[in-house]
Structure formats: structure tokens, C-alpha cells
Amino acid sequence: MKDVGFIGWRGIVGSVLLERMIKEKDFNSINAIFFTTSQCGELIPFDIQNKCKILQDAYNIEILSSLDIIISCQGSKYTSKIYSKLRLIGWNGYWIDASSYLRSFTNSVIVLDPINLNFIKKKIDMGIKTFVGGNCTVSLMLMSLGGLFKDNLIEWLSVSTYQAASGAGSNFMKELLLQMKFISKISNFINNSTNILDIEKNISKNIIKNDFPKKYFSVPLAGSLIPWIDKKINNGQTKEEWKGQFETNKILNTKNIIPIDGTCVRIGTLRSHSQSFTIKLKQQLSLNNMKDIIQSHNKWVKVIPNDMSHTINNLTPAAVSGKLSIPIGRIKKLNIDKNCFSAFSVGDQLLWGAAEPLRRMLKLLLNY
């Protein structure tokens, strides 16, 4: 039975990972050891079948180097400190990471096994020991459009994302709720007004004031949106937008780069990301053919009929949060070009966009 260490299990992604592992009874086949950066020596706060009931020091290189597999959801800062130290002393175990720090390393594999299982297996056979979950919107995009990528049908792709507050972390989720509460108080104070524009003006005036909760977002998200995620890079993209092309092509191990670009936007939802695609195909396909290719790729993607009722009931963050399904709809040919289509997809980024690929990578290593 392999010794598997877990770091960052209290955070959003780590919590979802533990939920999924408990539900799938994954802990029955490993000896799980839990680490902490702040509560060393305390008892683990849940009951699973494992030998070690005490939280271990997440910075103890000696204990970490005794493990067969390490799964970190602690973030890039932790990985940047610990990963190289372990490798430098000769640790040859498997490192599975949720953060972005290792994704661009040449000896790392970005994992999304419904898309690149054969590539993952090839790299394991070659002795690669570092496996990293991909960017949330990239993973969700590949899960929804996997059939088109598999058949090498995409010439280029433009993406507009609509990303939930949970993609930024728990503090941002809490702040969004505080912003909503702030707006609600203003609305209640003037709910006797018969003029809706009076209410709107009062809200708009107050959300830009200094007492509006915006410590983390720095600007209002509730009642607004933020068309900027992550830092700026040289060509005018944000790093979040840059990841679309870089990570997609690394996951697919493409010989010729598939051009991907777009705009990443933060919106006032708590969980689950949405994406709007403009897809240029290499050849002409009928609408039905395209839908069949998408639907047949994996068991989680679900094509939603392009009508109002199906769309508003199935193609929203509220409809998919907490679920593994990846609905994709609004599929139609565009007037722009006979080979251009548009589509809209939504998925729980804490599952397929974060925790689930890590869980499945662990299972793969245990069964390999």
C-alpha cells in the first residue's frame, strides 16, 4: 500500500478533492498522511482508514521524502519552496500538483486523462514523475470540445470566459457575498421607492465608495464584472488568457500549435465557469455531424438543444455546480464563415477544472 501525502487539503480545491476521494472510497487503497503548515501535531479532523492520525509538518523534508506520492493543493508558493528541495536530495516519488507553478516545466505533464490518457501513460513509461492539473477553463474547454480536438478539426479558437469568484479563492468568494449583502441593505433601505432608477442610482453611487467591501477584488464584482484575470504579459494578454493556447497545446502534445486566444472575465457567480467559443474548423461539417463528434467523445459532455427552455435550464452555473457533467449548447453555424461555429459551455471548475484530474491521476498511478 502506497504512502500518499496530502498538503493543502483544507483549501477549496483540496476540500473538493477529499470529498470526491471519500465518495469514491479511494482512501481504502492508500495509506494517507496529512500535512499542515500551521497545526502540526493535531489530530486529523475526519475518520478514514490510515495509519497516521496526526497532522505532519508540511515543511519537514525528511518525512516528505519518505512518501511514494505527494498531492499538493497548497498553491504555487508552497510548491516553489518544497518541490525543488525534494528533487535535489534525490526524492524519486510522484508529485501531483493543483497549482500552476510546474505546468511550464519541461519534465511535467498537465493531466486530463479523458483527453490525454495515452500521453500520460507514455510519460510514466519514460520515467516522468511530475503531474500537474491544468488551468480550470482550459480543462473545461477540452472536456467540452474534446471530440473536435481529437479529430484535429480545429484551425483556431477564440474564447470568452465567464469565471466564478471561487476561481480566485475562498477570500474572494466571501467578499462577493459581502458585496451582495451590502447591495441588499441599500435595496432594503429604499424599497418603498416606486422608481427603479432611483434604486439603481443609489446602488451605483454606493458601490464605488470606500466602505464597499473590495479588499481582494479591489473593485465591485457584485452588480458588475471584471474583464481582467491575473497579471499582464507582454502582448496585451493576461496570463490567464495566455494559458489557453500554451496549456491546450501541451496537454494535446500538438506538433503544430493550435492558435487560441480570447478574453477572460470574472463575473459575480460563486462557483462554476462558463465559456463562449468561436470555432474555426479546418473543413466544412454539418451541424448534426459536429454535435455527434462532440457528444461521442466522453461520457461527461452533454450537448444541449439550441432552444430557450433547454438552454436556460441546463446551461448555467446554477445547473452544474457540484456535478461532473459538462453541458455544451448554443451550437450554431456563424454568418462569418461557412466553417465557423459558436458554442457555449459551462462546468464546475472545482471538479473537472481542478480536483477530479488530480484524483484520477492518483488512481492511475496506483493501478499502473
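The rules behind each value
- Residues numbered from 1 in each chain as written.
- Predicted model: local features only at pLDDT ≥ 70, side-chain atom pairs only at ≥ 80, totals over all residues.
- Heavy atoms only, no water.
- Pairing = 2+ DSSP bridges.
- Helix = DSSP H or I, 4+ residues; strand = E, 2+ residues; numbered from the N terminus.
- Contact = heavy atoms within 4.5 Å.
- Axes fitted to C-alpha atoms, helices over the stretch in contact; angles between N-to-C directions.
- Parallel < 35°, antiparallel > 145°, perpendicular 65-115°, else oblique.
- Left-handed = near helix turned anticlockwise from the far one by under 90°.
- Nonpolar A, V, L, I, M, F, W, Y, C, P; charged D, E, K, R; others polar.
- 1 Å grid on protein atoms, 1.4 Å probe; cavity = no way out; pocket = protein on both sides within 12 Å on 5 of 7 lines; lining within 4 Å.
- Points joined across faces, edges and corners; volume = space filled by probe spheres on them.

A. Focus on the sheet that holds strand 3 (residues 56–57). The strand order 3-2-1-4-5-7-6 describes an open sheet built from seven strands, whose pairing is parallel. Edge positions in the open sheet fall to strand 3 and strand 6 (108–111), since each of these has one partner strand only. Summarising the sheet, strand 2 (residues 30–36) and strand 3 pair through two bridges and their orientation is parallel. In the sheet register, Phe 35 faces strand 3, and the bridge partner there is Gln 56. Where helix 4 (residues 113–125) meets the sheet, it contacts strand 5 (94–97), strand 6 and strand 7 (130–133), and its direction lies at approximately 155° from that of strand 6.

B. Region of the structure containing the packing of helix 1 (residues 12–23) against helix 12 (residues 351–367). Axis separation between helix 1 and helix 12 bottoms out at 9 Å; the angle between their running directions is 50°. Of the possible angle classes, the one that applies to helix 1 and helix 12 is oblique. Seen along the crossing, helix 1 lies across helix 12 with a hand that is right-handed. Of the residues in helix 12, those touching helix 1 at Val 13, Val 16, Leu 17, Arg 20 and Met 21 are Leu 351, Ala 354, Ala 355, Glu 356, Leu 358, Arg 359 and Leu 362. When the residues that make up the contact of helix 1 with helix 12 are grouped by side-chain class, the tally is nine nonpolar, no polar and three charged.

C. Inspection of the sheet that holds strand 10 (residues 260–267) at higher detail. If you walk across this open sheet you meet the seven strands as 9-10-8-11-14-13-12, and the pairing is mixed. Edge positions in the open sheet fall to strand 9 (225–226) and strand 12 (301–303), since each of these has one partner strand only. Note: strand 13 (residues 326–333) against strand 14 (residues 340–347), four bridges, orientation antiparallel. Looking at the pairing, Gly 329 lines up with Phe 344 of strand 14. The sheet contacts of helix 5 (residues 136–150) involve strand 8 (154–163), strand 10, strand 11 (273–281), strand 12, strand 13 and strand 14, and relative to strand 11 the element is tilted by about 40°.

D. Structural detail: the packing of helix 4 against helix 12. Close contact between helix 4 and helix 12 brings their axes to 12 Å; oriented N to C, the two are set at 40°. As far as their axial angle goes, helix 12 and helix 4 are oblique. Read as a crossing pair, helix 4 and helix 12 show a hand that is right-handed. Counted together, Asp 113, Pro 114, Leu 117, Ile 120, Lys 121 and Ile 124 of helix 4 and Trp 352, Arg 360, Met 361, Leu 364 and Leu 365 of helix 12 form the full contact between these two elements. A per-class count over the contact of helix 4 with helix 12 returns eight nonpolar, no polar and three charged.

E. Structural context of the layout of surface pockets. The calculated volume of the largest pocket comes to roughly 970 Å³. Taken together, 42 residues make up the lining of the largest pocket; nearest its centre are Val 13, Cys 73, Gly 75, Gly 167 and Ala 168. Elements with a contribution of two residues or more to the lining of the largest pocket: helix 1, strand 2, helix 6 (170–189), helix 8 (239–252) and helix 12. Roughly 490 Å³ of internal volume is contained in the second largest pocket. Lining the second largest pocket are 22 residues, with Phe 149, Lys 150, Asn 152, Leu 252 and Thr 254 sitting closest to its centre. When contributions to the lining of the second largest pocket are tallied by element, the ones reaching two or more residues are helix 4, helix 5, strand 8 and helix 8. When residues of the lining of the second largest pocket are assigned to their parent elements, the largest contribution, six residues, is made by helix 4.

Note that every value here comes from positions in space, so none of it alone points to a role or purpose.
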